[in-house]
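The residues making up each chain are set out below.
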Amino acid sequence: QVRLVESGGGSVQAGDSLRLSCVNSGRAYDNLAMGWFRQAPGKEREFVAAITWSLLTYYADSVKGRFTVSRDNNKKTIYLQMNNLKPEDTAVYFCAAPHNVNWTPSPRIAYWGQGIQVTVSS
């Protein structure tokens, strides 16, 4: 009943921008907090950004000031606006949600998207 589907990835040059989208296409739990993780080859998944039902936002230090997370509850969609992309941002980006309207520093993720590739070249 919860299905997260990402879109908007691609390959760009350093300094360019991308906007990722994640739709909760399921029929239930559209009020969940939702966020983004990323995983580069050989590395563990790391937190990127998140937004709660009440529109509180959280960011990793590495993306703060460059990325913006938002949500459109009418469309059951969250977005990740990524500006001034760097090669270090290259990773598979995953949409994720806990079974909660809130977010915590170490959330127990209940739902994952399949991931979408973002590649940033110099």
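See the structure shown above.
The sections below set out a description of the structure shown in this document.

1. Comments concerning the sheet that holds strand β7 (residues 67-72)
Here's step 1: Spatial ordering of the open sheet is given by β1-β3-β8-β7, a layout of four strands whose pairing is antiparallel. Edge positions in the open sheet fall to β1 (4-7) and β7, since each of these has one partner strand only. Ignoring which end each strand starts from, the neighbouring axes of this sheet average 15° apart.

2. Describing the side chain of Arg66
Here's step 1: If you trace the backbone, Arg66 turns up in the loop between β6 (57-59) and β7.
Here's step 2: Apart from the residues lying within four places of it in its own chain, the contact partners of Arg66 are Gln81, Met82, Asn83, Asn84, Leu85, Lys86 and Asp89.

3. Regarding the pattern of salt bridges
A side chain with one charge may pair with a side chain of the opposite charge, provided their charged atoms come close.
Here's step 1: Scanning the entire structure with this criterion turns up four salt bridges.
Here's step 2: Of the charged contacts, one joins Arg38 and Asp89 as a salt bridge, the two residues approaching to 2.9 Å between their closest N and O atoms. Of the two residues, Arg38 is situated in strand β4 (residues 34-39) and Asp89 in the loop between β8 (77-82) and β9 (91-98); the sequence distance between them amounts to 51 residues. Residue Arg38 shares its accessibility class with Asp89, and that shared class is buried.
Here's step 3: A salt bridge links Lys64 to Asp61, with the shortest nitrogen-to-oxygen separation between them at 3.5 Å. Taken individually, Lys64 and Asp61 each receive the classification exposed, so the pair is uniform in this respect.
Here's step 4: Each of Arg38, Glu46, Arg66 and Asp89 takes part in salt bridges that share partners, so that together they form one network.

Scoring rules and cut-offs
- Residues numbered from 1 in each chain as written.
- Predicted model: local features only at pLDDT ≥ 70, side-chain atom pairs only at ≥ 80, totals over all residues.
- Heavy atoms only, no water.
- Pairing = 2+ DSSP bridges.
- Helix = DSSP H or I, 4+ residues; strand = E, 2+ residues; numbered from the N terminus.
- Axes fitted to C-alpha atoms, helices over the stretch in contact; angles between N-to-C directions.
- Contact = heavy atoms within 4.5 Å.
- Salt bridge = Lys/Arg side-chain N within 4 Å of Asp/Glu carboxyl O.
- Buried < 20%, exposed > 50% of the residue type's maximum accessible area, 1.4 Å probe, protein only.

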